[in-house]
Amino acid sequence: MQGKGVIKFFAILLAVVCLYQLSFTWVARKVQSDAKVYSKGDPARETAYLDSMSTQPVYPVFKHNYQYVLQRELALGLDLKGGMNVTMQISLDELVKKIANNNPDVAFNQALANADKLQANAQTTQKDFITLFVSEYEKLNPNGKLAAIFSTKDNQDHLKFNATNSEVTAYLKDQANTAVKQSYTVLNTRINQFGVTQPNIQLEQSSNRILVELPGVKEPERVRKLLQGSAKLEFYETYDNTEAYQYLINIDNLLAAKNKTAKADSSKAKATATTAAAKTDTAAKAGSLLSKVQKNAAKDTSAAALANKTQFTALHPLFSVLSPNIGQDASGQQQLGQGPVVGYSPQRDTAKVNAYLHSTDVQAVIPRNLKFLWEVKPLKNNKDKAFALYAIKLTGADNGPVLSGDVITDARADNDPKGNPEVVMIMNSEGAQKWRTVTAEASSGTNKKAVAIVLDDNVYSAPNVQNEISGGVSSISGNFTIEDTKDLANVLKAGRLPAPAHIISESVVGPSLGQEAINAGVTSSILGLVVVLIFMIAYYNRAGTVAVVAVVINIFFLMGVLTSLGAVLTLPGIAGIVLTLGIAVDANVLVYERVREELGLGKSLRIAVADGFKHALPSILDSQISTFLTGVILFIFGSGPIQGFATTLMIGIITSLFCSLLISRVIFEWMLDKGWDIKFSNPWSSHTFKNANFKFVKNRFKFYAFSGIFILAGLISIFTRGFSYGVDFEGGRNYIVTFPNKAVTTEAIHDAVDATLGRSTEVKTFGADKMSITTNLLIRDNNAATDAKVRNTLIQALGSKEATRITDKDIVGFSKVSATVADELKTSAIYTVLFAIFVISAYILIRFRKWQFSLGAMVATAHDALLVLSFFSLFRGLLPFSLDIDQAFIAAILTVIGYSINDTVVVFDRIREFLELHHAKTDDPEEVINQAINSTLSRTIITALTVVFVLIVLFIFGGDVIKGFSFALLIGVIFGTYSSICVATPVIVDFGKKDLR
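Model, not experiment: these values are computed from the prediction. (Residues numbered from 1 in each chain as written. Predicted model: local features only at pLDDT ≥ 70, side-chain atom pairs only at ≥ 80, totals over all residues. Heavy atoms only, no water.)

What to know about the overall build of the protein
Scanning the protein for helices and strands turns up 33 helices and 25 strands. Out of the 997 residues in the protein, the part that is buried amounts to 54%. By sequence separation, contacts in the protein at least 24 residues apart represent 75% of the contacts at least 6 residues apart. (Helix = DSSP H or I, 4+ residues; strand = E, 2+ residues; numbered from the N terminus. Buried < 20%, exposed > 50% of the residue type's maximum accessible area, 1.4 Å probe, protein only. Contact = heavy atoms within 4.5 Å.)

This is the structure:
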């Protein structure tokens, strides 16, 4: 074998990289385990411990801090870790109304209503809302001019009164895109308030939807309120640091006095603090504090240093977590920094600073017109991820902002004359007048003041005002990047064009349910691995041990690559790993069967091994590429868990090929060099399927009849009984409920809830002590309070019976999908399956260069999909577990298609080989094809058995969440194996009799 040295080098390099990547997960788990021990069950103490470790070195040798390690660990999906997944949809109809100043035109409002209905229809979801609206308006008013509606006073700079409908459409689409980006910016800021690790927010391409994942979130109701609230953009005057610093000293002394005399009267503590502050020289205090703060922050872990830090924290509680804004003058002397920033705090300490500043005692000793707000982003190039704290001045009788964001008509990213990024902000006439007064006051005197731009109580920018600004056009400059200016422009426009965001689908998984999923996934993975390994050794003797080593290395590489790519491991992802265990041995089986054939021809062991790898390579590549194409389609068209499954499947195929073709080959070469006697079978398996001569082609019409009858019965059932749709295909709210009374039945739950939730409520068992309850009550109501209302209705309804009574804590899982999303998912699923069949058939046509092979593959894959669908319709309600049609089921169908084509391609490869090498013009093609099928029967059955064994383990031990998914895979693999031999091949015979001669 050539290139052994290169393969060994690459394998060692990949192993080192994978080991390094996985080490982050091990270190992170160690820190989290220490946190649990330290907290003794107190979540607040656990969070505080982890926050304190964020900047501490926890990784041996390299000294990476916990925050760095956490960002690189293997991320767990919400179904494993628990948390909340939300899909937000931006209400573009409300945006269009706002742009038109709520125009009362009848055709305009009717067109909006029609566009709403059309967008809810799955057949029209490929069109964006603006296109639907304009089309409907032109139908209702063929001669109407949209410019008459949208060319308002605020929009006239962009849209003239004589603009064409096409120009208005382009303008509305631009505003819609801007509104979605604004919402994304606002939501991104709000998400950071939840304090969850590794939050994820994604803007769906060519859509008005935003996907939000919040692992570990424990307050879903708070999340809903914050995510759906309107953006609040405001402009505030600011205090200079020199003005606000004395209040920080006051607060620090107050807190110190409280620490010292915790039981003393609070008024006495305030008096003590005020007296101390009055007697302190501000500048001197600043310099003294700076040296103390710096000394306290030093990374000295000696006992004396720790004692000093503890003493400093007791004397200066505030300044132990907030570093004052202090700089140096020209002579190097320390002095208070200029501007509205009063201090800096690492992210881990911001919660403590907030607790200090918002306490009742502290609020009593600071002016009513002063409040402190954090900057939205951490300081650049700061390893502690520190945030700046601003001193904001409240104005007016109601202590509010000097200006609200609704006066902004436009904002855009631009460049100043020197080419530096800036933001141009344009206000309406009312805003321009107020802005002139504000800027005149801020720029008066030698000390120029800053005006803070605040969105949702986060400071986005606080530029100094150099001159009075009249006319309503302002340039905001600073140390900006191009991305900074784009973000700020979106923020400024958020106040002008509010486009409310509604939750159209969500999923909440409790930590207990997530832990159950992890346990089930780990158990099924280990057992699946053990089953594969035992079977391979039992069937292939010593050669089987090589496959075992290759599979173990494959799993190690797979996990390492997943981690390095930042992939999220979900429950379907674990299913993908388990399935990879089954198909990982497929290449080994192909090679081993070929080696056994070569040995049967009398070749030496070394030559047989070499020829076995050589002759098996085309079949291996064809089968794995076809399966990989299925994974690509899943990844492109799927979302969430399906993408996780597809990612695992694709990476697993690549690592399997590397291990089966290269690592296994290197091991065999090493064993041969050592003179080992390598056996490829045990006595009982040496003659399995040898000289098989089953009449598959001759009996093809019997197979046609069986498949036809089964599919016909299934189609009748589909059109009469239908399917049991999951919540993501039906729409509705699904609750996973743990019942204190373990003996509760589905009938008892129906008796309790049907009167209030409706008779269409679905109740299914979910494990030993849980029930799945699905209702479509108020599913079309987008009111923010509706979710809480339906949840309370469920709890009250269950409480009407003693046997079913629960509390809010007993609801451990929740998901919601709007009817619109459900319709879209159905349509998308159909198109995805059809597209997968088309792509794979096209590949077969290119690879085999005969349309009969492509047709056979197409018929077989469609046949398998119809058989599985028929089975799920015929047997729904008859089996003791759910047969729901949902996103996971579609993933199963596509995986079955991939497996089936994998199997079919191997058979086709052998048929092509026999027709080319063992075929004379006088030979009967049917007989030659039948010989080809029998010659590869051993590989087909052994691979199928391996996968079936693994899927049985997954079905039994994988947990209730994926029971239907694993069952679909199980029957799909059986049908796929059957179709590759009994359906795909006969199609070639019946449509290619002349071409095959």
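Comments concerning the packing of aromatic side chains
On inspection of all chains with the given rule, the structure shows 39 aromatic pairs. On the basis of an interplanar angle of 75° and a centroid distance of 5.4 Å, the ring pair of tyrosine 592 and phenylalanine 680 is categorised as edge-to-face. With tyrosine 592 in helix 20 (residues 571-600) and phenylalanine 680 in the loop between helix 22 (641-673) and helix 23 (700-720), this pair connects stretches of sequence that are 88 residues apart. For the pair shown, tyrosine 592 and phenylalanine 680 are each scored as buried. The interplanar angle of 80° and the centroid separation of 5.8 Å between the aromatic rings of phenylalanine 701 and tyrosine 704 together place this pair among those described as edge-to-face. In this pair, phenylalanine 701 and tyrosine 704 both sit in helix 23, three residues apart, roughly one turn of the helix. Assessed through its relative accessible area of 52%, phenylalanine 701 is described here as exposed. Taking the relative accessible area as the measure of exposure, tyrosine 704 reaches 26% and is therefore partly exposed. An aromatic cluster is defined as three or more aromatic residues linked by ring pairs; in this entry it consists of Phe535, Tyr539, Tyr540, Tyr592, Phe613, Phe668, Phe680, Trp684 and Phe949. One Lys or Arg, arginine 72, reaches over the ring of tyrosine 68 and ends 3.5 Å from the middle of that ring. (Phe/Tyr/Trp six-rings, centres within 6.5 Å; stacked < 30°, edge-to-face > 60°. Lys NZ or Arg CZ within 6 Å of the ring centre and 35° of its normal.)

Describing the sheet that holds strand 14 (residues 421-427)
Read from one edge of the open sheet, three strands run 13-14-17, paired in antiparallel fashion. At either end of the open sheet lies a strand with only one pairing partner, and these are strand 13 (408-415) and strand 17 (473-477). Here the average twist between neighbouring strands, direction ignored, is 20°. Two strands pair when backbone bridges link them, and strand 14 and strand 17 are joined in this way by five bridges, in the antiparallel orientation. Counted as the bridge partner of valine 423 is isoleucine 476 from strand 17. Docked against the sheet, helix 17 (residues 429-443) engages strand 14 and strand 17, running at close to 115° with respect to strand 14. (Pairing = 2+ DSSP bridges. Axes fitted to C-alpha atoms, helices over the stretch in contact; angles between N-to-C directions.)

Quick word on the confidence of the model for the protein
Scored by pLDDT, the protein comes out at a mean of 80, with 85% of its residues at no less than 70. Low pLDDT, under 50, characterises residues 263-284; the predicted model gives this stretch 17 contacts beyond four residues in sequence or across chains. For residues 298-303, every residue scores under 50 in pLDDT, and the model assigns this stretch seven contacts once sequence neighbours within four places are set aside. (pLDDT = per-residue confidence, 0-100.)

Thoughts on the packing of helix 1 (residues 4-39) against helix 2 (residues 43-53)
At a minimum axis separation of 8 Å, helix 1 and helix 2 run at an interaxial angle of 135°. For the element pair helix 1 / helix 2, the angle class is oblique. When the axes of helix 1 and helix 2 are compared, the crossing they make is right-handed. Contact residues: Val31, Gln32, Asp34, Ala35, Lys36, Tyr38 and Ser39 in helix 1; Arg45, Glu46, Tyr49, Leu50 and Met53 in helix 2. Counted by class, the contact of helix 1 with helix 2 contains six nonpolar, two polar and four charged residues. (Parallel < 35°, antiparallel > 145°, perpendicular 65-115°, else oblique. Left-handed = near helix turned anticlockwise from the far one by under 90°. Nonpolar A, V, L, I, M, F, W, Y, C, P; charged D, E, K, R; others polar.)

Describing the environment of glutamate 927
On the secondary structure map, glutamate 927 appears in helix 30 (residues 925-935). Judged by relative accessible area, glutamate 927 falls into the partly exposed class, the value being 34%. A sequence separation of 232 residues divides glutamate 927 from lysine 695, and the C-alpha atoms of the two residues are 9.0 Å apart.

Here we look at helix 1
Counted at 1.5 Å a residue, the expected span for helix 1 with its 36 residues is 52 Å, and the 52 Å between its end C-alpha atoms agrees. Lysine 40 occupies a position one or two residues after helix 1 and carries a positive phi of about 55°. (Expected span 1.5 Å × (residues − 1).)

Concerning the nonpolar core
Of all hydrophobic cores here, the largest spans 76 residues; its most connected members are Ile844, Phe872, Phe889, Phe908, Ile911 and Phe967. It is helix 29 (residues 887-917) that provides the largest number of residues to this core, a total of 16 residues. Apart from the residues lying within four places of it in its own chain, the contact partners of phenylalanine 889 are Val868, Leu869, Phe872, Asp884 and Ala968. Judged by nonpolar contacts, the second largest core, of 63 residues, contains Val96, Leu159, Val212 and Phe739. (Core = buried A, V, L, I, M, F, W, Y, C linked by side-chain atoms within 4.5 Å.)

Quick look at the sheet that holds strand 4 (residues 209-215)
Pairing within the open sheet is antiparallel, and its eight strands lie in the order 3-4-2-18-24-21-23-22. The open sheet terminates on both sides in strands that have one partner only, identified here as strand 3 (200-203) and strand 22 (762-765). Here the average twist between neighbouring strands, direction ignored, is 15°. Where strand 22 lies against strand 23 (residues 770-775), four bridges are found, and the strand directions are antiparallel. From the neighbouring strand, threonine 765 faces strand 23, where its bridge partner is methionine 771. Packed on one face of the sheet, helix 10 (residues 220-228) meets strand 2 (83-90), strand 4, strand 18 (501-509) and strand 24 (811-817) and runs near 160° to strand 18.

Details of empty space enclosed by the protein
In this approach the atoms are scanned with a rolling probe the size of a water molecule, which exposes any empty space left behind. Scanning the model with the defined rule gives five cavities of 30 Å³ or more in all. Taken as a whole, the largest cavity spans an internal volume of roughly 100 Å³. Around the largest cavity sit Leu590, Glu593, Arg594, Glu597, His615, Ala616, Ser619, Val906, Arg910, Ser935, Thr936 and Arg939, which together line it. The set of elements that each furnish at least two residues to the lining of the largest cavity consists of helix 20, helix 21 (605-637) and helix 29. Take the lining of the largest cavity: its biggest share by element is four residues, from helix 20. In the lining of the largest cavity, the residues fall into three nonpolar, four polar and five charged. (1 Å grid on protein atoms, 1.4 Å probe; cavity = no way out; pocket = protein on both sides within 12 Å on 5 of 7 lines; lining within 4 Å. Points joined across faces, edges and corners; volume = space filled by probe spheres on them.)

Considering the pairing of strand 2
The element strand 2 is extensively covered by neighbouring structure, given that seven of its eight residues are classed as buried. The sheet contact formed by strand 2 and strand 4 spans seven bridges and is antiparallel. Residue pairing in the sheet places threonine 87 in a bridge with leucine 211 of strand 4. Bridging between strand 2 and strand 18 involves eight bridges; their strand directions are antiparallel.

Details of the pairing of strand 21 (residues 732-738)
Of all the seven residues making up strand 21, seven are buried; the element is thus mostly covered by neighbouring parts of the structure. Residues Gly732, Asn734, Ile736 and Thr738 line one face of strand 21 and the alternating positions Arg733, Tyr735 and Val737 line the opposite face, and both faces are buried. Note: strand 21 against strand 24, six bridges, orientation antiparallel. Residue pairing in the sheet places arginine 733 in a bridge with lysine 816 of strand 24.

Details of the environment of asparagine 208
Here asparagine 208 shows up in the loop between strand 3 and strand 4. Judged by its relative accessible area of 9%, asparagine 208 is buried. Separated by 79 residues in sequence, asparagine 208 and phenylalanine 129 have C-alpha atoms that sit 8.8 Å apart. Residues in contact with asparagine 208, not counting those within four places in the same chain, are Met88, Gln89, Ile90, Leu92, Gln119 and Val180.

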